[in-house]
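Coordinates in review
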Amino acid sequence: MTDPLVIFTPSGKRGRFPVGTPVLTAARQLGVDLDSVCGGRGICSKCQVQPSYGDFPKHGVHVAEGALSEFNAVEERYDRVRGLKTGRRLGCQATVQGDIVIDVPPESQVHKQVIRKAATQRDIIMDPATRLYFVEVTEPDMHDPTGDFERLKAALKDQWQIEGVTASLPFLSKLQTTLRKGQWKVTVAAHKGHRDTHTQLLEIWPGLHEDGLYGLAIDLGSTTIAAHLCDLVTGEVKASSGRMNPQIRFGEDLMSRVSYAMMNAGGDQEMTRAVREALNDLTQGIAEEAGISPALIVEATFVCNPVMHHLLLGLDPVELGQAPFALATSESLSLNAREMGLEAMNPNARVFVLPCIAGHVGADAAAVALSEEPGKSEDLVLIVDVGTNAEILLGDKTRVLACSSPTGPAFEGAQISSGQRAAPGAIEKLEINPDTKEPRFRVIGCDLWSDEDGFAEATAASGITGIAGSGIIEALAEMRSAGIMDPSGLIGSAEQVGTPRIEAEGRTNTYIIHDGTADGGPRITVTQNDVRAIQLAKSALYAGARLLMDERGVETVDRVVLAGAFGAHISPKHAMILGMIPDVPLEKVTSAGNAAGTGARIALCNVTARAEIEATVRKITKVETAIEPKFQEHFVNANAIPHKTDPFPHLST
Ligand code: FES
């Protein structure tokens, strides 16, 4: 008699197995992705499967009742105590009795796919560097005088085929008590990076550990630090949080921080201390928000620009302030959190810092490349990650170029007279009636007096505290469209001055968005200096993009991706009216949200992505804006709105 046929879905993998074979064993032999933390002991429930019965013409089988064994004592106990969903079975306990079709639900797959919301975004396949393993360790014996750690290693080799295991002193210091507390059954968190030849044990718990395992994906920007707390088993983002980068007090932009390090002995260490303190605070806060112990955070990945990278690691950034902008290292780094002064997470937590592309193009740009994959694109894509520094990538599957451009903090609302962070009370969207010159706007957190789109007439508004970066972009673009500002950026023609919203202030004019008298709030205006600050920022951004286009020998691109938290909030139309990005059909401009943060998350959840980004970075061509004479020429031409010479045909369509 032939052995029963076992078919797994959705993989379609199939094979014949002797009666009595556990489903988990069949899955492993066929290479089916079925999880297990307890190693088949019937306690973790990660191996749950869903058998199907009846006729399956597609597979050419009939599955009779009884094709799987009845519940055994272990499965029955699990069902009684913890409860199995209807129809579900424990793959490690149920055995094959006849031809069977077995579905592996997504939550039982080791390499489960974390589906991201937008169709344009890349899904993440879960394959973390740190995993949980439940093991039963042999008790010590007078006749076998081996150490507890040696017996733990033997158990890992025997039960999980893990060899080359190492552990730190903090781990060893709790090993003996934990083994005894768990009556020789323990769960360990074991870490193996993509370049590691050994597996490092990070943490140990008595019995089966069921409180999860977490990692932090951190985007360390010059102005803000953003972190996602991810479940390392499911990939779910449990909490997201941010802090201002406290290094701002040493200088708003990167070069002023490098200058601070140059001018003040020990200045670099001061900035390193400040950012590490903020990171420890952020770690504690995000763990609290998610309701977990910070000790369950066993990994972190970092993306940052080169100056932030050096200051995070405690490396002197002085060389980054002068040509040839040499990095101490551009390679990715795998470190212990403690040696970086990150003390709020698990004492053995591991840190992976993504590689930098060049002295001016950092790990944040590498993370954008990992997330947006320009090197796999069929069409030519321009990706701009707008922040205090703009990271710009241009490429397709033949070649990818990268540069960074010093836009300064104006896009984030800094250096703008009424500017503020995107927080409640900030104007984030704005429209101006071209006939009356009256604005309507949307304010974060104030929807009481707005229409269904969240917009309100300026006269109806209250509680306004300032204007966010996205709001200032829209204000300028709308001022240009409404004829309040000319192509050179000058506010107000002679006839307009003295009309209700345009006021002369010395030798320049100001546009009044909200005068604040009615509600006792602040006066929100756009001054000529504000326009100049945005013009400088947008010229730097455009010039960087144009430089890459020159290098590539093209006059246009096929599509544009706006990345960065800020990029998610600006409208493509307004960005193009201002000439922040080159002309393309508007429907070809998309937003990727915080792509650098997503890159950090991919590297956190998928260990092979770390090797992928290292290979990608090696292939990217770096273009240095600071020494490229054409940059200045592009910068000057981009000062006009939208541009002095480059055509913008899609603005008129
Ligand atoms: Fe743990 Fe089946 S493998 S319950």
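Attention now goes to the nonpolar core. Core analysis: the biggest nonpolar cluster contains 90 residues, and Leu216, Phe302 and Leu354 have the highest contact counts within it. Here the element with the most residues in this core is helix H6 (residues 267-290); it accounts for eight residues. Setting aside chain neighbours within four positions, we find Leu354 in contact with Phe302, Val303, Ser332, Ala363, Ala367, Leu370, Ala603 and Ile613. Residues Ile491, Tyr511, Ala533 and Met576 belong to the second largest nonpolar core, which totals 64 residues.

Strand order in the open sheet made by the three strands is S27-S28-S29, with antiparallel pairing throughout. Looking along the sheet, the strands with just one partner apiece sit at the ends: strand S27 (502-505) and strand S29 (524-526). Averaged over neighbouring strand pairs, the angle between their axes works out to 40° when direction is ignored. Note: S27 against strand S28 (residues 508-514), four bridges, orientation antiparallel. For Glu505, the partnering residue across the bridge sits in S28 and is Thr508. In this fold helix H9 (residues 469-481) packs onto S28 and S29, with an angle of close to 55° to the strand it touches most, S29.

Per the counting criterion, the structure on display carries four aromatic pairs. Seen from their ring centres, Tyr133 and Trp160 are 5.1 Å apart, and the 65° between their planes marks the pair as edge-to-face. Taken together, the residues span a long stretch of sequence, with Tyr133 in strand S10 (residues 130-136) and Trp160 in helix H3 (residues 148-160) at a distance of 27 residues. Across the pair, Trp160 and Tyr133 agree in class, each one buried.

Computed from the structure, the second largest pocket encloses a volume of approximately 410 Å³. Forming the walls of the second largest pocket are 20 residues, and the residues nearest its centre are Leu34, Asp35, Ser36, Val110 and Arg131. The dominant element in the lining of the second largest pocket, judged by the number of residues it contributes, is S10, at three residues. Residue composition of the lining of the second largest pocket, grouped by class: 10 nonpolar, three polar and seven charged. Both domains that furnish three or more residues to the lining of the second largest pocket are identified here as domain 1 (5-108) and domain 2 (114-206).

One pass over the full model with this rule turns up 28 salt bridges. Notably, a salt bridge pairs Glu378 with Lys397, separated by 3.1 Å at the nearest N-O pair. Residue Glu378 is found in the loop between helix H8 (363-372) and strand S20 (381-385), and its partner Lys397 is found in the loop between strand S21 (390-396) and strand S22 (399-405); the two are separated by 19 residues along the sequence. Note that Arg440 is salt-bridged to Glu431, the shortest N-O span being 2.8 Å. For Arg440, a relative accessible area of 22% translates into the label partly exposed. The class for Glu431 is partly exposed, based on a relative accessible area of 33%. One salt-bridge network, held together by shared partners, links Arg546, Asp550, Glu555 and Asp646.

Cut-off values and rules
- Residues numbered from 1 in each chain as written.
- Predicted model: local features only at pLDDT ≥ 70, side-chain atom pairs only at ≥ 80, totals over all residues.
- Heavy atoms only, no water.
- Core = buried A, V, L, I, M, F, W, Y, C linked by side-chain atoms within 4.5 Å.
- Buried < 20%, exposed > 50% of the residue type's maximum accessible area, 1.4 Å probe, protein only.
- Helix = DSSP H or I, 4+ residues; strand = E, 2+ residues; numbered from the N terminus.
- Contact = heavy atoms within 4.5 Å.
- Pairing = 2+ DSSP bridges.
- Axes fitted to C-alpha atoms, helices over the stretch in contact; angles between N-to-C directions.
- Phe/Tyr/Trp six-rings, centres within 6.5 Å; stacked < 30°, edge-to-face > 60°.
- 1 Å grid on protein atoms, 1.4 Å probe; cavity = no way out; pocket = protein on both sides within 12 Å on 5 of 7 lines; lining within 4 Å.
- Points joined across faces, edges and corners; volume = space filled by probe spheres on them.
- Nonpolar A, V, L, I, M, F, W, Y, C, P; charged D, E, K, R; others polar.
- Domains from an automatic or database assignment.
- Salt bridge = Lys/Arg side-chain N within 4 Å of Asp/Glu carboxyl O.

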